Amino acid sequence: MIKVKVVNRGHQQLPAYATTQSAGMDLRANLSEPVTLRPMERRLIPTGLHIALPEGFEAQVRPRSGLALKHGLTVLNTPGTIDADYRGEIGVVLVNLSQEDFTVNDGERIAQLVIARYEQAELTPVEVLDETARGEGGYGHTGVK
């Protein structure tokens, strides 16, 4: 388990894992008043949280499955990436894909935060790539017989 420093400038409890094997921690809306999203509307919802990740780690902001299934609410830039050198407030870009208004209330669990390792790559220009059985097949190619 890694240690992540957090500053909570909001009034919500810190994110926590719901179970011992949960990959994500729930992020909560930190609002002074409810925010209503009309159908197809998107808004940046504040959390009040600022984090300092260790080098080599990122935080991913992902949708909550219950909000997506029951209300058509999702994170627009999913997964949203928080880089290790970012120190600003974590915001969640929510979009309402349903046909009905949805009101986000203060303290509501609106997204998940997943901490993950990453590697940086050095791109090396070449003239041709090695051949594979798949070749250039993509976008559903492997599922077609």
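For clarity, every value in this text was computed on a predicted model and none was experimentally measured. The numbers attached to residues start from 1 for each chain and follow its sequence in the written order. In keeping with the predicted nature of the model, local features appear solely for residues at pLDDT of at least 70, side-chain atom pairs appear and are counted solely at 80 or more, and the whole-chain, interface and lining totals rest on all residues. Only heavy atoms go into the side-chain values, all of them from the structure, while hydrogens and water stay out.

S.K.: Teacher, can you tell me more about the overall build of the protein here?
M.R.: A count of helical and extended segments in the protein gives 1 helix and 11 strands. Its helices and strands taken in sequence order, the protein reads β-β-β-β-β-β-α-β-β-β-β-β from the N to the C terminus. A compact globule built from 145 residues would reach a C-alpha radius of gyration of about 15 Å, whereas the protein, at 19 Å, exceeds it by more than 25%. With respect to the three principal axes, the spread of C-alpha positions in the protein is 55 × 40 × 30 Å. The proportion of buried residues among the 145 residues of the protein is 35%. Counting from the N terminus, the helices are the DSSP runs of H or I reaching at least four residues and the strands are the DSSP runs of E reaching at least two. Radius of gyration here is computed from C-alpha atoms only, and the compact-globule reference equals 2.2 Å multiplied by the residue count raised to the power 0.38. Burial status follows relative accessibility: with a 1.4 Å probe on protein chains alone, a residue under 20% of its type maximum counts as buried, one over 50% as exposed, and anything between as partly exposed.

S.K.: Sorry if this is basic, but what is going on with the pattern of salt bridges here?
M.R.: Here the idea is simple: oppositely charged side chains can pair when their charged atoms come close. What counts as a salt bridge is simple: a side-chain nitrogen of Lys or Arg found within 4 Å of a carboxyl oxygen of Asp or Glu. Under the criterion given, the structure shown has 4 salt bridges. D26 is the salt-bridge partner of R64, the closest N and O atoms lying 3.2 Å from each other. Here D26 lies in strand β2 (residues 25–28) and R64 lies in the loop between β6 (57–62) and α1 (65–71), a separation of 38 residues in the sequence. Owing to a relative accessible area of 17%, D26 belongs among the buried residues under this scheme. Linking R43 and E41 is a salt bridge whose minimum nitrogen-to-oxygen distance equals 3.9 Å. Taking the relative accessible area as the measure of exposure, E41 reaches 16% and is therefore buried. Each of D26, R64 and R109 takes part in salt bridges that share partners, so that together they form one network.

S.K.: What exactly am I supposed to notice about the sheet that holds strand β11 (residues 109–117) here?
M.R.: Sheet strands line up and pair through hydrogen bonds in the backbone, either parallel or antiparallel. Each pair of strands is called paired provided DSSP finds at least two bridges between the two strands. On the basis of which strands lie adjacent, the open sheet formed by 4 strands has the order β2-β11-β6-β8 and antiparallel pairing. Sheet topology places β2 and β8 (80–82) at the edges, where each strand pairs with a single neighbour. Neighbour-to-neighbour, the strand axes of the sheet open up by a mean angle of 35°, direction not taken into account. In the sheet, β2 pairs with β11 via 4 bridges, with the strands oriented antiparallel. Its bridge partner being in β11, D26 is matched across the sheet by Q112. Each axis is a line fitted through C-alpha atoms, and for a helix only the stretch in contact is used; angles between axes span 0 to 180 degrees, taken between their N-to-C directions.

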